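# Chain and residue survey
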There are 2 protein chains.
Amino acid sequence: MLTRPLQLLHKHRPTLLNPSIRLSSTAVLDSTTEEINHAMSKAASAFPIFSSASTGQVSTLLHNIAQEIEALGDELIDTAVSESSLPEPRIRGETARTTGQLRAFAALVEQGSWVDARLDVGGGTGRDIRRMLRPLGPAVVFGASNFPLAFSVAGGDTAAALAAKCPVVHKAHPAHPRTCELVSGAIKRAVSSSGLPEGTFSMVQGASPRVGQELVAHPHTKVGGFTGSLHAGRALFDIANARPNPIPFYAEMGSVNPVVVLPGALGSKWEQIAAGLAGSVTLGAGQFCTNPGLVFTAPGTGCAKDATMVSKFITEVARHVDNIPPSAMLTEHIHQEYIKNIDRMAIGVTKDIQIKTKRKRGSDSGGIVLHVSGAVFLKHAQELQEEVFGPSTLIVEFENQEQLNQGLVQLKGQLTATIWGNRDDFQQPSFSTVLQLVTERVGRVLFNGFPTGVEVCSAMVHGGPYPASSIDETSVGTEAIRRFTRPVCYQDCPDSLLPIELQDANAHGIFRKVNNEYTTEGVLVEEFTKKTVV
Amino acid sequence: MLTRPLQLLHKHRPTLLNPSIRLSSTAVLDSTTEEINHAMSKAASAFPIFSSASTGQVSTLLHNIAQEIEALGDELIDTAVSESSLPEPRIRGETARTTGQLRAFAALVEQGSWVDARLDVGGGTGRDIRRMLRPLGPAVVFGASNFPLAFSVAGGDTAAALAAKCPVVHKAHPAHPRTCELVSGAIKRAVSSSGLPEGTFSMVQGASPRVGQELVAHPHTKVGGFTGSLHAGRALFDIANARPNPIPFYAEMGSVNPVVVLPGALGSKWEQIAAGLAGSVTLGAGQFCTNPGLVFTAPGTGCAKDATMVSKFITEVARHVDNIPPSAMLTEHIHQEYIKNIDRMAIGVTKDIQIKTKRKRGSDSGGIVLHVSGAVFLKHAQELQEEVFGPSTLIVEFENQEQLNQGLVQLKGQLTATIWGNRDDFQQPSFSTVLQLVTERVGRVLFNGFPTGVEVCSAMVHGGPYPASSIDETSVGTEAIRRFTRPVCYQDCPDSLLPIELQDANAHGIFRKVNNEYTTEGVLVEEFTKKTVV
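Residues numbered from 1 in each chain as written. Chains lettered and ligands numbered in written order. Predicted model: local features only at pLDDT ≥ 70, side-chain atom pairs only at ≥ 80, totals over all residues.

## Let's talk about the overall build of chain A
Note the cut-off: The helix count covers DSSP runs of H or I at least four residues long, the strand count covers runs of E at least two residues long, and both are numbered beginning at the N terminus. A radius of gyration in this sense is built from C-alpha atoms; the matching globule rule multiplies 2.2 Å by the number of residues raised to 0.38.
Summing up its helical and strand segments, chain A has 18 helices and 17 strands in all. Relative to the 2.2 N^0.38 estimate, which gives 24 Å for 534 residues, the radius of gyration of chain A is 25 Å and therefore close to what a compact globule would have. Taken along its principal axes, the extent of the C-alpha atoms in chain A is 80 × 60 × 40 Å.

This is the structure in structure tokens:
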């Protein structure tokens, strides 16, 4: 998601744009190996206790964290605004999203069915086999630069890991160290007031890649969660897999989120699409994993039978983008990378790219619209779909639907793809191929909308085939909890020794699959074969 | 699970024990790179069609495969018996298990709820987000030597992958090539009669590791399933992770399946446990992933307050094992490895190991019971828990419960652990620690039983922390299907374009999570916000 490789962080830190960061970031001392070992050892010691906590305790912990974050009040808002350069309303919204996520996981835990309990009891063999999801163990979670709260210390990965009863060691992002310290303090107070062991949550700081590498390689670490650049994510994923005992490392590494505008929609709604696209591209200075960085168009039957329509659309997108005032980027380094990437695309890859906005370079971090023909795109398809982290988009003008399909075939894994179409478009015989090609390559398919804005809900998938994610699962929404768990089954276990979710009585009334039927009822083991205790 | 490293296959093939194999195995020509490319290309071409198949078609395919296997009749039984040296009743049982697995997946697909559908519709934001599990793409499946049918060409991995709508390219195990050819033919006839594309299933042969390596590295491959040795499984897992676009590679690599005999159970049931253990250790010449290769004992309170009890138990296990006649192993190479591993344990690792059976070496492939003190085990814990593929077990005599717990802490990841205990044992304050230590390290915890015999059901977990599995998921039971899928979500998708599982009507009446409630009802979108089509 970020273009900033982890190892450059240190070098570039003194050039940060926002003067208020200079003070705080010089205070970011890389945690030592001893400090990392200490945090991991505390997490390992906490695991047997935390993993035995009741659902009530876990839910209380998550609610308490949300309350402690709210109690930080304006100090948190001011600090995050000053460290991130993001506007106050955005930071307030992100704080609400962060506490909302924590409460969504609390509700998930309270309801309880997420453990995916299955019981196979009775039957000819007298079997009694019961299975549920259990926590993996200590989790290492990396904060992202672009969401100083919602994907940071108490962000989605931390909330999901704690909900699964995995102790968390958080690696703070050096772009907002004081914000991290504030939130870390809030979590620690919540851990303490919830009666859980201190090692349930720790935070380490570090701008050096060594810190993250040591965390992922640490023998006590059982799972990792990461949001950031492909470069850093892949490096850490490789470390996780090269361990003597490999661990799952879930890295969400962003994408270009293609938008396919079909001819019918282009003909009838080109003005609406152009305005919406311009807003989505420039939202938050384009610093979102779901920023739509690539747009596919082609003339076709119906309203948009000739290429004039495509040209009008491109001009309209550029006009809107030109009218949107630039906003500050998260760090000066990200800004410099933005300038460099635009130059790379427009000059380095091919000279056949045109810039359609008045703004030709990213010097003021404002939006830029690029345009290329389908034939040229197909020639440079790999380079032209590299993520540009910032408010730009590349509109590809294919000659016809078949050439557009060739473009889809070239796409790497994506977090999202968006299809704009009308009834005519969806009834074309060729449409099923478009939908198939798109669906195979993405985690989320949107229709007639824009990909920015990722709702935290049960059905959300924020992840996708590599390189969007290292492992194709979601990092947003309550299903993110699955990544911090493993299935465990108990065979002929005396009822009182089972986790409450698997006991005969089903005291929490959760949904369970019992002999292949879904039910919230308990089981009457008398009906089956009594479990024998010697 | 196997002790035979993949790269030794070629070299050792001429020394195979069973003369009938010589002929067939010289006929195993390694598939060429061109043949592998051809199989993978066919699978990739089949994917868009197969992944769009109806649940009825998939269910028909699985039923047809089962019928075609049954139609092979005695030819299949005779061939598998002759190639594997396994007794006919075992092969008949394994054939029934194989067709049973295929029909269990057919039933799962017909019922349909396995796709884990979630709908978040309506609400303040007018959202319409719907998610389900979808097939990953072409799967590469490796057959195992020790189950020439149930973990082979039409075994659990193939059945799970096809049920998920992933085309399969199967790598036949060179220990039973003619059996593989027969079953492959059966699957191909079923694919054809089910009206599915030819590339839905292909088989390649090969004794050279190159064949497997090329399959896992192939750009069209999206997921892999494997049952075999740690050596070969890890090598292939590393290839899968080192790809430019890494893929999940699910390797089940066996374990020593510790059995913990608590003092109360030892005191009251030592004869029953000894007889059962001897049977489990020697079953199928010990050639099972779940073979109990390690037994932990300690004197304690109650009936077994002194060490005499432990000694009596060990002597009894050895007496039973001595009375069980040896049976032929799968291949001469596996037999030679068995001899070598027993010698390594009993001489190479430490001289403080005693052999309690009359049989002191694995020369006739009969059962062997080894004995070591807890103190010596703790000194050599890593070497002494290396899997010996064959009918042997190592009984560790700890001095007390605390020392036994130290032994548990040293355990690597295991497929199973078994606890023998009575009411007294389970009521000891120390018991919760034993249960915790065991549960963290295994996929399946058994009580008062033996780990051999893995039931194919919804709650089964046959997998565990590394090195039992490369990724901690199950390869047996219907949940094995999860490994061949990825979550995909659709946002604001017109109803008619959605997969039937996510459409408003819920025509198949599957269980879905709708706005966080589980239901088999359809949704009335009028209640929420109508999806708009331009």
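## Structural notes on the relation of the copies chain A and chain B
Formally: The copies were overlaid by least squares, fitting only the C-alpha atoms of residues that reach a pLDDT of 70 or more in each copy. Any two residues are considered in contact once their C-beta atoms, placed from the backbone, lie within 7 Å.
Once turned by 180 degrees and shifted 0.0 Å along the axis, chain A lies on chain B with an RMSD of 0.0 Å. Both copies of the chain, as the preceding transformation shows, are related through a two-fold rotation axis. Closest approach to the rotation axis within chain A is made by the C-alpha atom of Asn241 of chain A, at a distance of 3.5 Å. In this assembly the copies share their binding face: 100% of the residues contributing to the interface of chain A also contribute to that of chain B.

## Observations concerning the confidence of the model for chain A
Residues and elements named next belong to chain A. Short version of the rule: Along the chain, pLDDT gives the predictor's confidence residue by residue, from 0 to 100.
Taken residue by residue, chain A gives an average pLDDT of 91. The fraction at 70 or more is 91%. Contacts from residues 1-26, a stretch scored under 50 in pLDDT, to residues over four places away or in other chains number 64 contacts. Overall fold confidence (pTM) sits at 0.93, and the ipTM for the predicted complex is 0.93.

## Focus: the sheet that holds strand β3 (residues 139-142) of chain A
All names here are of chain A. Stated formally: Any two strands are treated as partners once DSSP identifies two or more bridges connecting them. A fitted line through C-alpha atoms serves as each axis, taken over the contacting stretch for helices, and the angle formed by two N-to-C directions is quoted from 0 to 180°.
Pairing in this open sheet of 5 strands is parallel, and the strands run β5-β4-β3-β6-β7 from one edge to the other. Strands at the two margins of the open sheet, each flanked by one partner only, are β5 (201-204) and β7 (249-252). Each strand of the sheet is rotated relative to its neighbour by a mean of 15 degrees, with strand direction disregarded. Sheet strands in contact with helix α3 (residues 33-50) are β4 (168-171) and β5, and its direction is about 165 degrees off that of β5.

## Observations regarding the interface of chain A and chain B
Rules: When residues are sorted by character, Ala, Val, Leu, Ile, Met, Phe, Trp, Tyr, Cys and Pro go into the nonpolar class, Asp, Glu, Lys and Arg into the charged class, and all the rest, Gly among them, into the polar class.
Taken together, the contact pairs 60 residues of chain A with 60 residues of chain B. Elements with a minimum of two residues in the side of chain A that touches chain B: β1 (117-122), β2 (127-135), α11 (263-282), α17 (423-427), α18 (431-441), β14 (442-447) and β15 (485-491) of chain A. Broken down by element, the residue count for the side of chain A that touches chain B peaks at 6 residues, all from β15 of chain A. Across the side of chain A that touches chain B, the residue classes tally to 28 nonpolar, 17 polar and 15 charged. Where β15 of chain A lies against strand β14 (residues 442-447) of chain B, 3 bridges are found, and the strand directions are parallel. Opposite Tyr490 of chain A, over in β14 of chain B, you have Val445 of chain B as the bridge partner.

## What to know about the environment of Pro451 of chain A
Relative to the assigned elements, Pro451 of chain A resides in the loop between β14 and β15. Sequence separation between Pro451 of chain A and Leu136 of chain A is 315 residues, and the spatial gap between their C-alpha atoms is 32 Å.

## Quick notes on the environment of Met132 of chain A
Residue and element names in this part refer to chain A. The criterion, for reference: Buried, partly exposed and exposed are defined by the number of other C-beta atoms within 10 Å of a residue's own C-beta, namely 20 or more, between the two limits, and 12 or fewer respectively, with C-beta atoms placed from the backbone.
Structurally, the position occupied by Met132 is in strand β2. Met132 gets classed as buried once you count the C-beta atoms within 10 Å, which come to 23. Taking C-alpha positions, Met132 is 9.5 Å from Thr485, a pair spaced 353 residues apart along the chain. Those residues within four positions of Met132 in sequence are excluded, and the remaining contacts are Val115, Asp116, Ala117, Val488, Pro499, Glu501 and Leu502.

## With respect to helix α7 (residues 156-163) of chain B
Residues separated by three or four positions in an α-helix point in the same direction, a consequence of the helix having 3.6 residues per turn. All names here are of chain B. Counting buried positions over the 8 residues of α7 gives 8, a clear majority of the element. Every buried residue of α7 is listed here: Gly156, Asp157, Thr158, Ala159, Ala160, Ala161, Leu162 and Ala163. Turning to α7, the residues buried within the fold contact α4 (55-71), α6 (88-111), β3 (139-142), β4 (168-171) and β6 (223-227). Following α7 by one or two positions, Lys165 adopts a phi angle in the positive range, close to 75 degrees.

## Comments concerning the domain arrangement of chain A
All names here are of chain A. Applied cut-off: Segmentation of the chain into domains, including their bounds, is taken from an automatic or database domain assignment.
Here the domain parsing of chain A yields domain 1 (24-253 + 474-482) and domain 2 (259-447). Summarising the inter-unit geometry, the C-alpha centres of domain 1 and domain 2 are found 34 Å apart. The interface of domain 1 with domain 2 comprises 8 residues on the first partner and 9 residues on the second. Taken together, the residues of the side of domain 1 that touches domain 2 break down into 1 nonpolar, 5 polar and 2 charged.

## Focus: the packing of helix α6 (residues 88-111) of chain A against helix α7 (residues 156-163) of chain A
A packed helix pair is summarised by two numbers, namely the angle formed by the two axes and the spacing between the axes. Residue and element names in this part refer to chain A. What counts here: Should an angle fall under 35 degrees it is called roughly parallel, over 145 degrees roughly antiparallel, and 65 to 115 degrees roughly perpendicular, with every other angle called oblique. Crossing chirality is assigned from the near helix's rotation relative to the far helix, an anticlockwise turn below a right angle marking it left-handed and a clockwise turn marking it right-handed.
The N-to-C vectors of α6 and α7 enclose an angle of 20 degrees; their axes lie 9 Å apart at closest approach. Considered as vectors, α6 and α7 are oriented roughly parallel to each other. The handedness of the crossing between α6 and α7 is right-handed. Packed against α6, whose contacting residues are Gln101, Leu102, Phe105, Leu108 and Val109, the element α7 presents Gly156, Ala159, Ala160 and Ala163 at the interface.

## Here's the deal with the packing of helix α9 (residues 209-217) of chain B against helix α10 (residues 230-242) of chain B
Residue and element names in this part refer to chain B. Orientation of α9 relative to α10, taken along the N-to-C sense of each, is 30 degrees, at an axis distance of 9 Å. One way to sum up the angle between α9 and α10 is to call them roughly parallel. Our pair here, α9 against α10, has a crossing hand that is right-handed. Contact residues: α9 offers Gly212, Gln213, Val216 and Ala217, while α10 offers Leu236, Ile239 and Ala240. Here the contact of α9 with α10 is built from residues that sort into 5 nonpolar, 2 polar and no charged.

## Observations concerning the nonpolar core
For clarity, the cut-off: In these notes, a nonpolar core means any group of buried Ala, Val, Leu, Ile, Met, Phe, Trp, Tyr and Cys residues linked to one another through C-beta atoms within 7 Å.
Among the nonpolar cores identified, the biggest contains 321 residues, and Leu62, Phe105 and Ala163 of chain A together with Leu62, Phe105 and Ala163 of chain B are the most heavily contacted of them. Once you skip the residues sitting within four places of it in the chain, Ala163 of chain B turns out to touch Val58, Leu62, Phe105, Leu108, Val109 and Ile481 of chain B.

## Remarks on the pairing of β3 of chain A
All names here are of chain A. Threshold: Viewed with both strands pointing away, a crossover whose connecting path from the first strand over the helix to the second turns clockwise is right-handed.
Side chains of β3 alternate between two faces, with Ala139 and Val141 and Val140 and Phe142 buried alike. In terms of strand pairing, β3 meets β4 through 4 bridges, oriented parallel. Opposite Val140, over in β4, you have Val169 as the bridge partner. Handedness of the crossover is the feature at issue here: the chain leaves β3, passes through α7, returns alongside β4, and the resulting connection is right-handed.

## Some remarks on the sheet that holds strand β10 (residues 354-355) of chain B
Spatially, β17(A)-β16(A)-β1(A)-β2(A)-β15(A)-β14(B)-β13(B)-β8(B)-β9(B)-β12(B)-β11(B)-β10(B) is the arrangement adopted by the 12 strands of the open sheet, whose pairing is mixed. The open sheet has two edge strands, β17 (517-519) of chain A together with β10 of chain B, and neither has a second partner. Running at roughly 25 degrees to strand β11 (residues 368-373) of chain B, helix α13 (residues 332-349) of chain B makes contact with β10, β11 and β12 (392-397) of chain B of the sheet. Docked against the sheet, helix α18 (residues 431-441) of chain B engages β15 of chain A together with β8 (259-261), β13 (414-420) and β14 of chain B, running at close to 135 degrees with respect to β14 of chain B.

## Details of unusual backbone geometry
Working note: non-glycine residues mostly have negative phi, and peptide bonds are mostly trans. With an omega of 5 degrees, the peptide bond between Tyr466 of chain A and Pro467 of chain A qualifies as cis. Positionally, Pro467 of chain A belongs in the loop between β14 and β15. Notably, Asp492 of chain A is not glycine yet its phi reads approximately 55 degrees, a positive angle. Positionally, Asp492 of chain A belongs in the loop between β15 and β16 (512-514). The phi angle at Ala285 of chain B is positive, at roughly 55 degrees, despite the residue not being glycine. Locating Ala285 of chain B in the fold gives a position in the loop between α11 (263-282) and β9 (294-297).

## Notes on the environment of Gly362 of chain B
All names here are of chain B. With respect to the secondary-structure elements, Gly362 resides in the loop between β10 and β11. Of the residues examined, Gly362 has 25 C-beta atoms within 10 Å and is grouped as buried. In sequence terms Gly362 and Asp343 are 19 residues apart; their C-alpha atoms lie 8.5 Å from each other. Discounting chain neighbours no more than four positions away, the residues touching Gly362 are Tyr338, Ile339, Ile342, Ile368 and Gly390.

## Regarding the pairing of β13 of chain B
All names here are of chain B. Within β13, 7 of the 7 residues are buried, which leaves the element mostly enclosed by the surrounding structure. In terms of strand pairing, β8 meets β13 through 3 bridges, oriented parallel. Residue Val261 lies in a different strand from β13, and its bridge partner there is Trp420. Judged from the 5 bridges that link them, β13 and β14 form a sheet pairing that is parallel. Across the sheet, Gln414 pairs through a bridge with Val442, a residue of β14.

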